[in-house]
Structures are given as C-alpha cells and as structure tokens.
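Residue-level structure breakdown
Listed here are the chains, written in short residue letters.
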Amino acid sequence: MSTVESRPLVGTGINRVDGPRKVTGTAPYPMDFSVPGQVYGALVQSTIAAGRIVRMHTEAAETAPGVISVLTHENAPEVGTGPVTVLGPSPAAPLRNDRIIHQGQHIGFVVAETPEQATAAARLVRADYETAEPLLDLQDPRAEHVTDPWGMDTSRGDAAAALESAEVTVRATYTTPDNTNNPLGLFATLAAWEGDTLTVHDTSQWPSMVRTTLAMVFGIPESSVRVLVPYVGGGFGAGLRAWPHVVLTAMAARVLKRPVKLVLTRPQMFTSVGHRPHGVQWLSLGATRDGVLTALDHRSLTSLSMEDNDFEPFTHGTSFAYRCPNVITQDRQARMNVSVPTSMRAPAEAQGNFALECALDELAYTLGMDPVELRVRNHTDVDPRNGLPWTGKAILECYEEGARRFGWSERNPEPRSMREGNWLIGYGMASAMFPYFATPCMAEATVHRDGSAFVRSAATDIGTGTYTVMAQLSAEELGLPLEKVRFDLGDSDMPDSMMAGGSGLTGALGNAVHDACRRLLRSFAELAREDDESPLKGVNPDDVECGDGRVFPAGRPDRGESYVDILARHGLPQLTATGGSTPPVAEELGMSPAGAYGAKFAEVRVDADLGLVRVARVVSAIDGGRILNAKTARSQIIGGTVGGIGMALFEDTVTDPRTGRIANGTFADYLVAVNADIPDLDVVFVGEPDRGTPTGTKGVGEVGLVGIAAAIANAVHHATGKRLNRLPITLDALL
C-alpha cells in the first residue's frame, strides 16, 4: 500500500481549530456539564491498605443536611463485570464485598443535594476494620508473582553463554518509582438514566470502551448507553479505563432515579485512576571491544495490585531495539496492596528505555567510545524478531541531525571535564522508540448540499490536536478548504474509534478518515458516471480526483463538477460514506510496522557544592513519519519532554511503607516540572512517510517522553562522574 503525497494543508502548522473555544473558556469539559435535577456524589475511602470491613457506620451521614443516600457494600446493588479490552481486564466492580486491598479503596458513596453537603457527609462515614499486614515492598518474598502474563517475554540465541564469553560486560540494576498521571483536569462523571437508557459525561480517552463497559456492568444493550467526551483536561493514560467511580456514579443515579455528578478531588486522583508502576530492572550487556553487542539480558519486576492484571512490559522494547544475536527479556509482577498501576505516558517504554540507554552509555564509557557511535554501530534496519524490514525507521538521521543541532562534537568525553564557574556541565544522549500500536477504527464522512463537509468518529482529543489534524486530513482528502470542513468526536454514538493512547489514534483514525473520504469521493463519481448531464458521465470512479470542492477525471481539473451540483441534480441533501482501518500485519506487508523513533540530547548543569541539577537545553530529533501538523506535533514532543524531565528529576509518588497511605498526594507535595525547570526545547522532524499505511503517519505522543530520563541521567554522569541508576535524580544522591 502506497502513501499519499503531501498536499498544501497537511503538514502545515495551522492553529488548533478548537483553540478559540479553549482560550475563551467555552470548551465544555466533563466537570462543566450539568443537567436539571442533578445531585452530587462524594467518595468514602478506606483508611487501611489490607483487611476487611467489620461494620460500616453510616447513621451520622444519612441524617446530615441534604443527604439523599449512602451506598456501601451492605446495600449497593450487584452489578456485572466489564469487558476484557486490548489493555486487559476491566477493574473489579465497586462495593462488591468487605475486602480491603489498598488504602484509598472506595468503600462508600454519599449522594446529597449539593457537592458541599455530599463532601461533608462523606467525612461522617466510619468503618470498623479487621486489619491485616499489607504487602508494600516490591521485593517482599511473600508477594505472589505473575510471570509473562501476556506472552511477551522473548529469547533468541544463548544470552547466558554469550555474556560469559563476552570481551566486555556491563551489569546494573535500575529502579523507577511510582509516578502519578495527574492531568490538570480533575476526573468527573455525570450519569443520567431515562428508563433503561443511560447517558454519561465522563473523563475518558476511550468513549467506545466506556459505553461497552457500562452496558455489560448494568446488563443493557450498548445502544442504550451514550458516552459524551467532547473535551478532556488531560489524561496521560489515566483515562484508558472505566474506573470504579464511573460505575458508582451510574449505579447511584439508577438507584435514585436522578442524575448524579461526581468530581474527584486531587488526593483521590492519586488512588482512583491509576499510576505508573514501581519497578526494578536488571540489565546485562555483552559486547566486543569494538562495540558490537553480543548479548543482552533484560529482566524486570513491577508492581501489580491484588485484583488487577494490568501489564507494563518494561523489557519488551529491548528485544528489537538493536542488532544483537543473543537476547533474553523477561517481565514479572508482584501483587501488592496498592491502588491499580496502569498506563502513564509512554507506558513501559519510558522505564525500560531508561535502563537500556543508561546501560549503553556505561558500555560506551567502558569502551572509550562515543555513545552515538556505539548506537550507530548496533543499528538494525530489520526487525530482529522476524527479519523483516521496518516500514520506516530514520533513527540514523535522528542521530546525525540531533547531534549537529546540539553541538555534540564539542563535548569533552571525560567526566567532570566541562565547567562554568561552580556549575559542572554534562552532555548526555539516548535513543528513543515507541512501538507501533493500533486497533480497528471507524469514521464517517458527509458532504452537504451547501458544499460543506462533516466528518466524525467516537474518538477523543486529549490535547493532542485530533480535532485539528483530522479536519486538515479530511479537507485534503475531499478537496475542500479547511473552513468548509468540520470534524467532530467525543460521542460514543459516532462510529467506533480506538482509544487516544499508545500513540495509535492519529494513525488508526487518520487511515479511517482517509478510507471514509475516498469512499465518499467514489460515491459522488458513481452518481455522476450514470448521469447524462454530468461532464463525468462514463468516467471510471477509480480514475477521479478532487479539488476546490469539485470532482474531476485524474489530471483534468478543467473537466468535472462540484459536489453541490451533483447533489442538487440528484435531489439529495447530502451524501455519506463510512470507512475503517485495521492494523497492518507484518507478514502481509512484508515489513514490520514501525513506531516512532528519536534521538534525545540533553545538557545539564550540576552545582558542584549543592548537587542541584538544572536542565540547560534539550534537542529532540524525531522520526514521526508523515507529520500532519508541524505545530501540534512539535507541541506533543515538547509536552513529552517536560514529562520526561519530571520523571528524571522530580516525580515520585511516596507510599508510607507501614500503612500504604500516599504521603504526597497533593500538588503541594508531589513535585512536577514547572516553567522555571524547563529550558528552550529544540524539536526537529526527520524521515519520510511510513510505508505501512495509506496516510504514512506515526504517533508522536509517547516518543517525546521516551529517552529524556536516560539522556539526563547520562548527562549527570558526564557532569559529575557519578552513575545514578535510580529515579528521580535528587541532590542528596549527588552530594
């Protein structure tokens, strides 16, 4: 399948079409919605991490002002279990029994006339517990281990023997903590029933999944559920599940026969909507003295909650990152009394890349070799897992252009050799990759009698620019000016879409939009082919093009007619077509679908006396395939870079080792990168359209974060001579 040629609109860095609504405050986010007669919910959460509830004390709350109902496991209606999705099983239904498996677990739901009354009454609910000793240490020998649950462990060659005989080896342990997604917009749900029909406004990155989940949980047809998500105030992976609070809100609305609205508090966001899992990784490299990898052994142990099966394969990307004949990757999970770990921006690859790229940097120093040259020397143009060429991989160009823009050649390779006053200066780099991911996706395109177009799909725009790039692509495919095209999303009644996650939406949805628009163009051509009055009579529908709102034979824009004329002559108000996309299969393509690639270069300054680390600049050279909008794509890389700086230097969700309580569950205590921490960020895109899909795109939402933590850690080593393998990098570790 060939890629389409770039046309004037696609690739242009136009402003976001939804920008005016956002900057004027008129974009409706989930917490902004209200309906007549609604009441308000508030969560009651457990104060222990393990044990069972002996008795719930709800009397004081039930008699508090404005309180309508208090639901607990003692009186909540039984509901079903949600589906198994491509991301794993749904979370367990809320209020099922008296078992407590993590601190902050939902054990009650108070509904009152106002949010203040609901919050005040929730504080009056008490529980008597029978406590148990919680499992809170990742390496506690009592913890149940889950091994290779998704069948993604890999092995080729004999890594153990190759390590034993290697001329040079590097062995290291890497630790990454829990990080919490913390989107700016608090998660909110508004649920309203009309008989057996449910309408939900929800903070979600996947409306179609929420619809399916609620239908299964409440035993109603999917057609009876509508999920609306026109805008999302950030997600970073937290919105990829229908969390228990969503079910609770819909449950209360059904019981009370009134609409119920819930807005989580910031502390509740730390225990209710997932977090990046804590993990330890053990990595061993074997190489020849001239820097050729001969062995790679990468293993991980990560946190898993007691009743969930989320999987973050930290080591999976290592299996195909470089050319190496002897590789083993293994992932295990330890069940702990913690809230559910789940996807956070660049899931698994952010952590796995940190270990791999730091180990490669250490190998480069051991060999006395330039870290860029080491990576070039072990580059592979084919997928090591199947021997097929990649659909697109321009990482060599990323190294070259990134190093040039950064001034990598000016680096003195000796640690602690570069200094400015009391600041030690360090240069570090890392490769970046996020694997290809997509699921089936649908879109619908319509051209109206006035010549305008309406294209839609049940996707979400979590700030990535989906509204904008899909409007651009639709306009190009239909040959219309951008102002004549409207793209809409965020409604589960629209054609099914994949989630806004895994860097997959732009590719999957773009291909579906491409297909829908091509089918619509063909429908116009088929109408005209049989029309004696049309200049397109007899023209093969496969041989037409479009432009300026007109359909014409390929290469003959002077011969043809407008959409408006075709519709008018046939007495039609509009014409509609539905299209879809499915992920490419390597064996059918003869190529392995490639994700995005990049090279990250970072300069840090470290105070020689205080150990303070400041990031001075970052250069990101990215192979993102065909870029649909240079401005929104660059924004994605910048946003990912900021998240990577936070991962490297600040973010750490601290859990009390005795009680399981999150000790820093507010923005006053949980550190994130702010403007003062962020230097000028340089982004450059290289490479060609990807050969695996008709639109040639790759997602860039995740790859912006991957590699940043490793590049910063490697720069800190260059500045100080200290090799730090634990995140975040804090001043006490450098003193």
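The structure reproduced in this document is the subject of the present report. (Residues numbered from 1 in each chain as written. Predicted model: local features only at pLDDT ≥ 70, side-chain atom pairs only at ≥ 80, totals over all residues. Heavy atoms only, no water.)

As for the pattern of salt bridges
- In the structure shown here, the tally under the stated rule is 40 salt bridges.
- Residue Glu420 pairs with Arg605 through a salt bridge whose shortest N-O separation is 3.4 Å. Here Glu420 is found in strand S19 (residues 419-420), whereas its partner Arg605 is found in strand S28 (residues 596-607), with 185 residues between them in sequence.
- Classification of Glu420 by relative accessible area gives partly exposed; the value is 47%.
- Between Asp558 and Arg556 there is a salt bridge whose closest N-O contact spans 3.1 Å.
- In this structure, a network of salt bridges that share partners links the residues Glu401, Arg404, Arg405 and Asp682. (Salt bridge = Lys/Arg side-chain N within 4 Å of Asp/Glu carboxyl O. Helix = DSSP H or I, 4+ residues; strand = E, 2+ residues; numbered from the N terminus. Buried < 20%, exposed > 50% of the residue type's maximum accessible area, 1.4 Å probe, protein only.)

Considerations on the sheet that holds strand S6 (residues 99-100)
- Within the open sheet, the 3 strands sit side by side as S6-S2-S8. Their pairing is antiparallel. Either end of the sheet is taken by a strand with one partner, and the two such strands are S6 and strand S8 (126-131).
- Two strands pair when backbone bridges link them, and strand S2 (residues 51-57) and S8 are joined in this way by 6 bridges, in the antiparallel orientation. What sits directly across from Arg55, in S8, is Asp128. (Pairing = 2+ DSSP bridges.)

Let's talk about the sheet that holds strand S26 (residues 561-562)
- Ordered by their spatial adjacency, 3 strands build an open sheet running S24-S25-S26, and the pairing between neighbours is antiparallel. Of all the strands in the sheet, just strand S24 (544-547) and S26 have a single pairing partner and so form its edges.
- Pairing of strand S25 (residues 550-553) with S26, which is carried by 2 bridges, proceeds in the antiparallel orientation. Bridge pairing links Arg550 to Ser562 in S26.
- With respect to the sheet, helix H12 (residues 505-529) is in contact with S24, S25 and S26, its orientation differing from that of S24 by roughly 115°. (Contact = heavy atoms within 4.5 Å. Axes fitted to C-alpha atoms, helices over the stretch in contact; angles between N-to-C directions.)

Quick notes on the environment of Asp148
- Position of Asp148 among the secondary structure elements: in the loop between strand S9 (145-147) and strand S10 (154-156).
- On the accessibility criterion, Asp148 (24% relative accessible area) is partly exposed.
- Distance from Asp148 to Val229, taken between C-alpha atoms, is 35 Å for residues 81 residues apart in sequence.
- In contact with Asp148, other than residues within four places in its own chain, are Asp153 and Asp331.
- Polar side-chain contacts of Asp148 include one of 3.2 Å to the backbone nitrogen of Gly151.
- One polar contact links the side chain of Asp148 to the main-chain amide nitrogen of Met152, over a distance of 2.8 Å. (Polar contact = N/O pair within 3.5 Å; in protein donor to acceptor, adjacent residues only side chain to side chain.)

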